Amino acid sequence: MTLFVSEGNPHCLKVLAALEVTGAKCDVQYVNHEERVVPFLSRPALPALLLPSGLHLFSSNAICRYLFEVNGQDSSELCNQWLEWETTELQPALIHALHMAVLQGKGSEVSKVLQGPLNYLDQSLSKKNTPYLTGEAVSVADVVLWAALYPILSDSSLALGERKSVKIWFDHGAAMHSLQCAAQKVLQGKGLQGMKSYMQKQPAPQSSQCRDTQPCNSSPA
Amino acid sequence: MALRELSSLEKFLGLKKPNKYSTQGDKKVPVLQSNNGPALVGLVTIACHLVKEAKRPELLGDSAESRAVVQQWLEHRVTKLEGCTKEDVKTVLKDFNLYLQDKVYLAGNQFTLADIFMYYGIHSLIVELAIQEKEQYMNVTRWFDHIQHYPGIRHHLPPVAVLRNRIYTGRHH
């Protein structure tokens, strides 16, 4: 089993954190951002996990889920729900926010982009009395969300506003050796700037309005 | 759209009592209220729940590897197939075609929930394809035709004619 990652890629932080937390046995190979590891994808997709069967996983959340499952921790329905929320709601906002903070020097506007998802997370956490997203123990959902939010939430210059429940929950993760270790590998101690060369290679995020003006089934003119 | 897919899935699974769904947010994310617990939110989350309720765990994959592959394609469905541009469509189909080159189903030789939801999600793209394009994405077309004829899957979607006889041989210009 081989895990392919690249430095400065925020999605790689998730899988490296999951690898540290689960202690799964796996080779880790560092490659360039542009390296095409997954044979059937025309664009570079990292991280990628080469499974024992020879198949590749190209979704960071599926990789994390797999690492937890082979470690004996199946994901619950609540876990599934957080992972789906992470990819469909949080990621588009996060990519937008990282683009602004890292490439455009508009750190002051990050708060506006992320307030929806962060408020949702805060409300969900404050409604229940458990330290983690799905209960009393750390699950794959916590690790994925901690790692996804780590670059943004650990940067105190962004002034995201006070969210008590998010802070308490995030501090649990940020204090974990496994998460810090993964963050060091990906960000090289440079914080948000550690992602600059990766972000420069990514297409600019589409604003949500594009969705409505360019439906994917529009017929060619 | 998402709600019709969930209702089609319920019929396929043979669930006796249809669930009531609502939606939340601008993107109309499906929500399933339940009597004995908190609501479930999200198309993939609810679909996996229905499969468990129907006691058909094999539809989520029969090994850790195939379960991860199924989840990956379900995620691909809700992140990459929704709201993509025309250029994206080409890449999505090209990559999917290459992936299916040596596979009967998305998780290899076993039919899973990933096939059902990729079929639902890709239907509107396949409808738009010209004959030549269907030829170009032959593996996708073969897989698509296979799934649309799988017993109890199609439900809310019209059948799409794919080439039965290859009128064109090889690449033509």
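Sequence order as written defines the numbering, with residues in each chain counted from 1. To read the labels, note that chains go from A and ligands from 1, taken in the order they are written. In view of the model being predicted, local features appear only for residues whose pLDDT reaches at least 70, and side-chain atom pairs are presented and counted only at 80 or more, with totals across whole chains, interfaces and linings using the full set of residues. By convention in this description, side-chain values take in all heavy atoms of the structure and omit both hydrogens and water.

The name given to chain B in an unreviewed UniProt entry is Eukaryotic translation elongation factor 1 epsilon-1, and the organism recorded there is Collichthys lucidus.

Moving on, we get to the overall build of chain A. Put simply, DSSP marks the helices as runs of H or I at least four residues long and the strands as runs of E at least two long, and each gets a number from the N terminus on. If you tally the helices and strands in chain A, you get 9 helices and 4 strands. Put simply, chain A runs from its N terminus to its C terminus through helices and strands in the order β-α-β-β-β-α-α-α-α-α-α-α-α. Burial status across chain A gives 52% buried among its 221 residues. Residue contacts follow a heavy-atom distance rule, with two residues in contact if any of their heavy atoms lie within 4.5 Å. Expressed as a percentage of contacts within chain A between residues at least 6 apart in sequence, the contacts between residues at least 24 apart total 69%. Summed over its atoms, the accessible surface of chain A is roughly 10000 Å², and 48% of this surface lies on carbon and sulfur atoms. Looking at chain A, you have 17 positive and 19 negative side-chain charges, and the mean spots of the two groups are 6 Å apart. We call a residue buried when its accessible area falls under 20% of the maximum for its residue type, exposed when it is over 50%, and partly exposed in between, using a 1.4 Å probe and counting protein chains only. Areas reported here follow the Shrake-Rupley algorithm with a probe of radius 1.4 Å; residue values treat only the protein chains shown as occluding. In this tally, Asp and Glu contribute negative charge and Lys and Arg positive charge; neither His nor the terminal groups of the chain are included. Charged groups are reduced to one reference atom each: NZ for lysine, CZ for arginine, CG for aspartic acid, CD for glutamic acid.

Our next topic: the packing of helix α2 (residues 43-53) of chain B against helix α3 (residues 64-80) of chain B. Residues and elements named next belong to chain B. Axis definition: a line fit to C-alpha positions, over the contact stretch in the case of helices; interaxial angles, taken between N-to-C directions, run 0 to 180 degrees. Running from N to C, α2 and α3 cross one another at 140 degrees; their axes reach a closest spacing of 10 Å. Taken together, the axes of α2 and α3 lie oblique to each other. The segment α2 lies against α3, with Leu43, Val44 and Cys48 engaging Gln71, Leu74, Arg77 and Val78. Gly falls in the polar group here, along with every residue not listed as nonpolar (Ala, Val, Leu, Ile, Met, Phe, Trp, Tyr, Cys, Pro) or charged (Asp, Glu, Lys, Arg). Along the lines of polarity and charge, the residues of the contact of α2 with α3 split into 5 nonpolar, 1 polar and 1 charged. In this scheme, roughly parallel covers angles under 35 degrees and roughly antiparallel covers those over 145, while 65 to 115 is roughly perpendicular and the rest are oblique.

The gaps left among the atoms become clear once a water-sized probe is rolled over them. Residues and elements named next belong to chain B. Only protein atoms enter the 1 Å grid used here, on which a cavity is any set of points holding a 1.4 Å probe that cannot leave and a pocket is any open set flanked by protein within 12 Å on both sides along at least five of seven lines; residues with an atom within 4 Å of a point are listed as lining. Grid points are joined across faces, edges and corners, and a volume is the space filled by probe spheres set on the points. Reported here for the second largest pocket is a volume of approximately 440 Å³. In terms of lining residues, the second largest pocket is bounded by 16 residues, among which Gln33, Ser34, Asn35, Asn36 and His49 are the most central. Its residues placed into classes, the lining of the second largest pocket shows 5 nonpolar, 7 polar and 4 charged.

What follows covers the sheet that holds strand β3 (residues 48-50) of chain A. All names here are of chain A. The 4 strands lie next to each other as β2-β1-β3-β4, forming an open sheet whose pairing is mixed. Two strands lie at the open edges of the sheet, namely β2 (27-30) and β4 (56-57), each paired on one side alone. By this definition, two strands are paired if DSSP reports at least two bridges between them. Bridge analysis of strand β1 (residues 2-5) against β3 gives 3 bridges, and the strand direction is antiparallel. Its bridge partner lying in β3, threonine 2 is registered against leucine 50.

Next up on the list: the sheet that holds strand β3 (residues 40-41) of chain B. Strand pairing in a sheet is mediated by backbone hydrogen bonds. Such pairs are either parallel or antiparallel. Residues and elements named next belong to chain B. Sheet architecture is open: 3 strands sit in the order β1-β2-β3, paired in antiparallel fashion. Strand pairing shows two members of the sheet lacking a second neighbour, β1 (21-24) and β3, which therefore form its edges. Bridge count for β1 against strand β2 (residues 29-32) is 4 bridges, and the pairing is antiparallel. Within β2, the residue paired with glutamine 24 across the bridge is valine 29. Contacting β1, β2 and β3, α2 runs over the sheet at an angle of about 40 degrees to β2.

Among buried residues, those of type Ala, Val, Leu, Ile, Met, Phe, Trp, Tyr and Cys that are joined through side-chain atoms within 4.5 Å constitute a nonpolar core. Ranked by internal contacts, the top residues of the largest apolar core, which has 130 residues, are Leu121 and Trp169 of chain A together with Trp73, Leu113, Phe117 and Trp143 of chain B. With sequence-adjacent residues up to four places away left out, tryptophan 169 of chain A is seen in contact with Leu121, Leu125, Pro131, Tyr132, Leu133, Asp142, Leu145, Trp146 and Leu149 of chain A.

Turning next to the interface of chain B and chain A. Facing the 41 residues of chain B at the interface are 35 residues of chain A. Computed with a 1.4 Å rolling probe, the buried area is the accessible surface lost when two parts are put together, summed over both parts. Counting the surface lost from both chain B and chain A, the interface buries some 3300 Å², and carbon and sulfur atoms represent 52% of this. Three residues, Lys27, Glu65 and Gln72 of chain B, lead the burial of chain B against chain A; their summed loss comes to 18% of the area buried on that side. When a carboxyl oxygen of Asp or Glu is within 4 Å of a side-chain nitrogen of Lys or Arg, the pair counts as a salt bridge. At the boundary of chain B with chain A, the tally comes to 3 salt bridges. Between glutamate 69 of chain A and arginine 67 of chain B there is a salt bridge; the shortest N-O distance is 2.7 Å. Polar contact is defined as a pair of N or O atoms within 3.5 Å, subject to the rule that within protein one atom must be able to donate a hydrogen and the other to accept it, and that residues adjacent in sequence are counted only when both atoms are side-chain atoms. Remark: the boundary between chain B and chain A carries 14 residue pairs in polar contact (both at pLDDT 80 or more). Those elements that provide at least two residues to the side of chain B that touches chain A are β3, α2, α3, α4 (86-99) and α5 (113-128) of chain B. Of all the elements, α3 of chain B adds the most residues to the side of chain B that touches chain A, at 12 residues. The residue inventory of the side of chain B that touches chain A, partitioned by class, reads 18 nonpolar, 11 polar and 12 charged.

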